[in-house]
Amino acid sequence: MFEDVHQRPCGRPTKSGNPCRAQFSGPGFACKLHTTDHEKALVDAYRQGLETGRAQEREWRQRTEAAQVERLERQIRTLREELDAKNRRFEVDGDQAVTVDGYGYRWSGPGTLEVGDRVLLPENYVSALRHGPGPFPGTVTELGTTYTGTLSTIISRAPATPRQTG
């Protein structure tokens, strides 16, 4: 009664005693005219159980997919860290290699640079558009670099900026 969703005749006896020929589909026992209150309650309980089951399935699927995405993201982070460890250069031809605001540079000045140090970088075609001509400031964001191409050399440490009093 609950799996049949195709059109079928009611078949319950009418007032004249003949079988009802009204067609109905979906879960149920008879056409709306001949369905008892108990059968209506059973069909409603079936529909509610079906909706609850489908909602639970959606929730489980979302949890499963979220867990899978989280697992894949962890795996990607691990692989990136392994690749980074294999490819990261801390020294290039005797100079310290650092990452400044996401780009690789080399430092040949006195001492070593640390994360957070402010430096002056040489002008390039992008910096000329963004900052105007001449050197521009940057911040060391990582020690070493994974960039494999030719690295520009940092000009100097950036001069300390005077504190604003206000």
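For the structure, see preceding data.
Residues numbered from 1 in each chain as written. Predicted model: local features only at pLDDT ≥ 70, side-chain atom pairs only at ≥ 80, totals over all residues. Heavy atoms only, no water.

S.K.: Describe the pattern of salt bridges, listing the residues and the values that go with them.
M.R.: Tallied over the entire structure, the rule returns 9 salt bridges. The partner of R61 in a salt bridge is E57, with the nearest N and O atoms 3.0 Å apart. Of this pair, R61 and E57 both sit in helix α1 (residues 37–87), 4 residues apart, which is roughly one turn of the helix. Classification of E57 by relative accessible area gives partly exposed; the value is 41%. Several salt bridges share partner residues, and in doing so they unite D84, R88 and E142 into one network. (Salt bridge = Lys/Arg side-chain N within 4 Å of Asp/Glu carboxyl O. Helix = DSSP H or I, 4+ residues; strand = E, 2+ residues; numbered from the N terminus. Buried < 20%, exposed > 50% of the residue type's maximum accessible area, 1.4 Å probe, protein only.)

S.K.: Break down the environment of I155 for me, with residues and values.
M.R.: Its place among the elements puts I155 in the loop between β8 (152–153) and β9 (156–157). What makes I155 partly exposed here is its relative accessible area of 47%. The spacing of I155 and E123 is 32 residues in sequence and 9.9 Å in space, taken between C-alpha atoms. Aside from chain neighbours lying at most four places away, what touches I155 is L120, L121, P122 and P135. (Contact = heavy atoms within 4.5 Å.)

S.K.: Run through the nonpolar core, naming residues and quoting values.
M.R.: Listed in full, the 10 residues of the largest apolar core are V98, V100, Y105, W107, L113, V119, L121, F136, V140 and I154. Going through the elements one at a time, β4 (95–100), β5 (103–107), β6 (118–121) and β7 (136–143) are the ones with two or more residues in this core. (Core = buried A, V, L, I, M, F, W, Y, C linked by side-chain atoms within 4.5 Å.)

S.K.: Please set out the environment of N87 residue by residue, giving values where relevant.
M.R.: Mapped onto the secondary structure, N87 falls in helix α1. Along the backbone, N87 and T145 are 58 residues apart, and their C-alpha atoms lie at a distance of 8.1 Å. For N87, the residues in contact, after removing those within four places along its chain, are T145 and T146.

S.K.: Could you give an account of the environment of P137, with specific residues and numbers?
M.R.: By secondary structure assignment, the location of P137 is in strand β7. Remark: the alpha-carbon pair of P137 and P110, spanning 27 residues in sequence, is separated by 18 Å.

S.K.: Describe the pairing of β6, naming the residues involved and giving the relevant values.
M.R.: By the alternation rule, side chains of β6 split into V119 and L121, which are all buried, and R118 and L120, of which none is buried. Pairing of β6 with β7, which is carried by 4 bridges, proceeds in the antiparallel orientation. Bridge assignment links L120 to a residue of β7, and that residue is P137. As defined by bridge partners, β6 adjoins β9 across 2 bridges and the pair is classed as antiparallel. (Pairing = 2+ DSSP bridges.)

S.K.: I'd like to hear about a nonpolar patch on the surface, residue by residue, with values.
M.R.: A surface patch of nonpolar side chains, about 280 Å² in accessible area, is lined by F90, V115 and L143. Tracing the chain through its elements places V115 in the loop between β5 and β6. Residue V115 is classed as exposed on the basis of its relative accessible area, which comes to 53%. (Patch = residues over 30% accessible without salt bridge, like charges linked within 9 Å, V, L, I, M, F, W, Y side chains within 5 Å. Areas by Shrake-Rupley, 256 points an atom, 1.4 Å probe, with all protein chains shown as cover.)

Just geometry here; none of it tells us what the structure is for.
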